[in-house]
Amino acid sequence: MSAPTRTTGTLDLTVVVPAYNEEERLGPTLAAITGHLRENEARWGTWEVVVVDDGSTDGTRDLVTGLADPRVQLVTSPRNRGKGHALRLGVAASRGARVLVTDADLAAPIEELAVLDEALTEGHAAAIGSRSVPGATIEHHQHRVREFLGRAGNFLIRRVAVPGIRDTQCGFKLFDGDRARTAFAASRLNGWGIDVEVLQHFRRADWPVAEIPVRWAHQSGSKVRPLDYVRVLAELAALKARALRPADVLAVTLFLLMAVALYAGRWLDPAHRYLPDSLQDQNQWEWFFAVTADSVSHFANPLFTDLQGFPDGVNLMANTVMLGLSVPFTPVTLIAGPAVSLALVMTLGLAVTAAAWYWLIVKRVVRQRGAAFAGAALATFAPPMVSHANAHPNFVILFMMPLIIDRALRLCEGERVTRNGVILGLMAAYQIFLGEEPLLLAAMGMVLFALAHAALHPDVAKAAWRPLLRGLLIGGAVCLPIVAFPLTWQFFGPQSYKSVLHGDNAGNSPLALLSFAERSLVAGDSDRANALSLNPTEQNAFYGWPLVLLAFAIVVRMWERTAVKALAFTAVAAAFLSLGPEFRIPLTDTVLPGPWALLAKKPLFESVIEGRVAMICAPALGMLLALAIERLAATRHLPTQYVGTLAVLLAVLPIVPAPLKSAERAEVPAFIADGTWKSYVRKGESLVPVPLPDPGNAEALHWQTAAGLGFKLPGGYFNGPYGAERVGIYGASPRFTSNMLRDVRYTGVAPTIGPNWQAQAKRDFAYWKAGALVLAPQGNDGLLRETLEKLTGERGRWTGGVWVWDLHDGSRPVAR
């Protein structure tokens, strides 16, 4: 920020009064100001009053000129352009070493000038009268609505433009003259927002501003109208937009383009394209968005539904339906459909997550924008993130994590502990409605970093733990009441479960940390990646050996920095934990216990897929990369710059992601699409696809969303309880008939159907309250058809592209 423009101050004080149609109120105001200054010339010295007529249509100008006092000057504007324009003219015309700006109603009496002047004498560049700091006296309040709007506006102003100043709009401010003329000359706003713009200028120039309590009394005849509050908000938005650096705008734009490119295949036709590497998860997540929108639009319980898993239902809170996004996106889902809504959420969410990491890295790690961009891009588009981008929005939409990290760091610094604790609690509550497992992983990453940092700087840790603990307790007190009922429902409500079975060891192979992911543009190897991961959506490491080598070189080269040591420990510890309760040393038969064994059976951790812990490495590696690039940019040794830049490119290029694979979506059978199903399924009944939908084939969920959730489904793709111990499994609790039909579909072998199987099928159909069985064309559909005919004793009917068995004839179904 440039230094203030120095002028020849020929006077000690200038009072600037903007006026628009103030014929009634201006006379007493000028009399009070001039009278006070004349009576106290020994203190105020030489002075002038500059009245700026902002295009008045009454006698305001004549009133000023009629005073015939050479120390009262009139500046005129040919038309009304707003308070901001008037103040800019008045301050530009001022000659005082100090400039007082006051409103024409003189709501703060001129005698309060003395307390503002003391602040400037103490070294401040500006002193602003305030109605909101301790010691202020309000003798006559505004109307309660106007007072509320004013407080709300000041809250937004603090959040958006000038943090720490409680009352920017009190029209009584004293400035150093030269700095005032510089700041007002640089201003652009013509309305009420100029106060904020000028104070923002002072803050950026590091010119100290004091907020001083004053006496204040509302005066009738205010020129502030309800619409002016809206205009101030618009001016704030304009201020914020102008404050953005071009580099920041470019970074966010590039992040959005990168996210769109990743999902390009799906955006060709989002309603009719499918990501095959999502397996059945795209069907599941679209269903989650659809059922949430249905619940919201019908004022139903968004935490439970029996549309899947009928008649037992699904505990939606225990199934990561991302209520924090699926609820606000309800209008989009209802208008454009769940496929479009999910595509939009995942694309925008990925871009916003990158922007959030960029913001945190710029604020806390490096100042160089290019370095921050590279670090945020790695944190967001690292191979494990791209893998989850196929299917798991809860693991790619992580924009709250950088905000939570920053808020925790503020607590460590002892900054406004109560306020930041409250905000942290609200953030944690919101993240719970986005995804609990990512929050747990983020907490693990923060704990690892904190342990390393505390070991390196115990004095800093000693100073930080008290405010941090206090802030965390405050955050917990705020968070728990918000999430208490949903979490109680999740863990103890209908269809709740204890933990999810995902195998004895879902950890990463050590080789997975060094290999390349399937969707790496240059080095991708699907066979190798799938051999080292659970499935294409769970390639949770795969950073590639070049990036690992680069990270090692960065740590060695910059070892003297505390942040580098702590980030290195965080990444290595997370990678080690991700190996699971035990791991095999590559190329040997030696199996060693892993540290995850200490956590595997603990509450919360027992449901975590441990391989996902390696995702913590992504932001840690991103920050290390940002630190290295900033150092490269700062060095003037060209060979070092060349070699370093080449090393970065060679390490990052192999993991640049290719666009996600997309395919034409299977068409919904006409039986579902044209509503024929309605004549087969009555109220309170279910439609039974054969075989029942499960995590391996959940296309029926797409049928259901295409039908506007008009029918219920037994089976499904969700997490629910199994057995007396209520262990979590994927899908509904199996029944004999559902298991048998699934076996026929996938093995091509059918059991001998006799009275026992027929009786069991009858019991299962009754349990599902089945109205009809529906068999779509698929593998082994001929054998499935024969099996159903033997089970029901009837031939199915071909209609709408499917075989249908109507189950409405008393004790046994009858074909139509």
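It should be emphasised that the depicted structure is a prediction, and the values quoted were computed from it without experimental measurement. (Residues numbered from 1 in each chain as written. Predicted model: local features only at pLDDT ≥ 70, side-chain atom pairs only at ≥ 80, totals over all residues. Heavy atoms only, no water.)

1. Observations regarding the overall build of the protein chain
Of regular secondary structure, the protein chain possesses 32 helices and 21 strands. Projected onto its principal axes, the C-alpha coordinates of the protein chain cover approximately 115 × 65 × 45 Å. Expressed as a percentage of the 816 residues in the protein chain, the buried residues total 53%. Within the protein chain, contacts between residues at least 6 apart in sequence are counted, and of these 76% link residues at least 24 apart. (Helix = DSSP H or I, 4+ residues; strand = E, 2+ residues; numbered from the N terminus. Buried < 20%, exposed > 50% of the residue type's maximum accessible area, 1.4 Å probe, protein only. Contact = heavy atoms within 4.5 Å.)

2. Points about the packing of helix α20 (residues 436–456) against helix α25 (residues 562–577)
Following both chains from N to C, one finds α20 and α25 inclined at 135°, their axes separated by 8 Å at the closest point. The orientation of α20 with respect to α25, classified from their angle, is oblique. Relative to α25, α20 is oriented so that their crossing is right-handed. Touching Met444, Gly445, Leu448, Phe449, Ala452, His453 and Leu456 of α20 are Thr562, Ala563, Lys565, Ala566, Leu567, Phe569, Thr570, Ala573, Ala574 and Leu577, all from α25. (Axes fitted to C-alpha atoms, helices over the stretch in contact; angles between N-to-C directions. Parallel < 35°, antiparallel > 145°, perpendicular 65-115°, else oblique. Left-handed = near helix turned anticlockwise from the far one by under 90°.)

3. Here we look at the environment of Phe718
Inspection of the secondary structure assignment puts Phe718 in the loop between α29 (699–706) and β17 (719–722). When the C-alpha positions of Phe718 and Arg364 are compared, they lie 40 Å apart, and in sequence the two are 354 residues distant. With residues up to four places along the chain from it excluded, the contact list for Phe718 reads Gln284, Gln308, Gly309, Gly313, Val314, Asn319, Ile729, Tyr730, Gly731 and Ala732.

4. Things to note about the sheet that holds strand β19 (residues 770–775)
Spatial strand order, β16-β19-β21-β20: four strands in an open sheet with mixed pairing. Looking at which strands have only one partner, the edges of the open sheet turn out to be β16 (686–689) and β20 (797–799). The sheet shows a mean angle of 35° between the axes of neighbouring strands, direction not considered. Of the pairings in the sheet, the one linking β16 to β19 comprises four bridges and is parallel in character. Considered in β19, the bridge of Pro689 is made with Val774. (Pairing = 2+ DSSP bridges.)

5. Some points on unusual backbone geometry
Cis peptide bonds are those with omega within 30 degrees of zero, and the linkage from Phe310 to Pro311 qualifies with 5°. For Pro311, the position within the fold is in the loop between β11 (304–305) and β12 (314–315). With an omega of -10°, the peptide bond between Val690 and Pro691 qualifies as cis. Relative to the helices and strands, Pro691 resides in the loop between β16 and α29. Of note in this structure, Asp206 is not a glycine but carries a positive phi near 60°. Under the relative-accessibility criterion, Asp206 is labelled exposed at 67%. We note that Phe542 has phi near 55°; this positive angle belongs to a residue other than glycine. Here Phe542 is to be found in the loop between α23 (526–531) and α24 (545–557). The buried category is assigned to Phe542, whose relative accessible area is 0%.

6. Considerations on α29
Buried residues dominate α29, accounting for seven of its eight residues. By the burial criterion, the buried members of α29 are Glu699, Ala700, Leu701, His702, Trp703, Gln704 and Thr705. Turning to α29, the residues buried within the fold contact α12 (281–297), α15 (338–364), α28 (670–673), β16 and β19.

7. Focus: the pairing of β17
Across four bridges, β17 lies against strand β18 (residues 727–730) in antiparallel orientation. What sits directly across from Tyr722, in β18, is Val727. In this antiparallel pair of consecutive strands, β17 and β18, the connection spans four residues, and Gly723 shows a positive phi of 75°.

8. Focus on the side chain of Thr792
Relative to the assigned elements, Thr792 resides in helix α32 (residues 781–792). Since its relative accessible area comes to 6%, Thr792 is described here as buried. Engagement of the side chain of Thr792 in a polar contact is seen with the backbone oxygen of Leu788, the distance being 2.8 Å. A polar contact of 3.3 Å, which involves the side chain of Thr792, links it to the backbone nitrogen of Glu794. (Polar contact = N/O pair within 3.5 Å; in protein donor to acceptor, adjacent residues only side chain to side chain.)

9. A look at the packing of α20 against helix α21 (residues 458–492)
Between α20 and α21, the shortest axis-to-axis distance is 13 Å and the interhelical angle comes to 170°. As far as their axial angle goes, α21 and α20 are roughly antiparallel. Between α20 and α21, the contacting residues are Glu436, His453, Ala454, Ala455 and Leu456 on the first element and Pro458, Val460, Ala461, Leu487, Gln490 and Phe491 on the second. Looking at the contact of α20 with α21 residue by residue, the class counts come to eight nonpolar, two polar and one charged. (Nonpolar A, V, L, I, M, F, W, Y, C, P; charged D, E, K, R; others polar.)

10. Points about the packing of aromatic side chains
This model, assessed by the stated rule, comprises 16 aromatic pairs. Where Trp677 meets Phe711, the ring centres are 5.0 Å apart and the plane angle is 70°; that geometry is what we call edge-to-face. Remark: Phe711 occurs in the loop between α29 and β17 and Trp677 occurs in the loop between α28 and β16; sequence separation between them is 34 residues. Residue Trp677 is classed as buried on the basis of its relative accessible area of 6%. Using a relative accessible area of 1% as the deciding quantity, one classes Phe711 as buried. Members of the aromatic cluster, joined through ring pairs, are Phe175, Phe184, Phe202 and Trp207. One residue, Arg735, lies across the ring of Tyr767, its end atom 4.0 Å from the ring centre. (Phe/Tyr/Trp six-rings, centres within 6.5 Å; stacked < 30°, edge-to-face > 60°. Lys NZ or Arg CZ within 6 Å of the ring centre and 35° of its normal.)

11. Some thoughts on the confidence of the model for the protein chain
Per-residue confidence for the protein chain gives a mean pLDDT of 90, with 91% of residues at or over 70. Confidence over residues 810–816 falls short of pLDDT 50; this stretch has 15 contacts with residues more than four positions distant or in other chains. (pLDDT = per-residue confidence, 0-100.)

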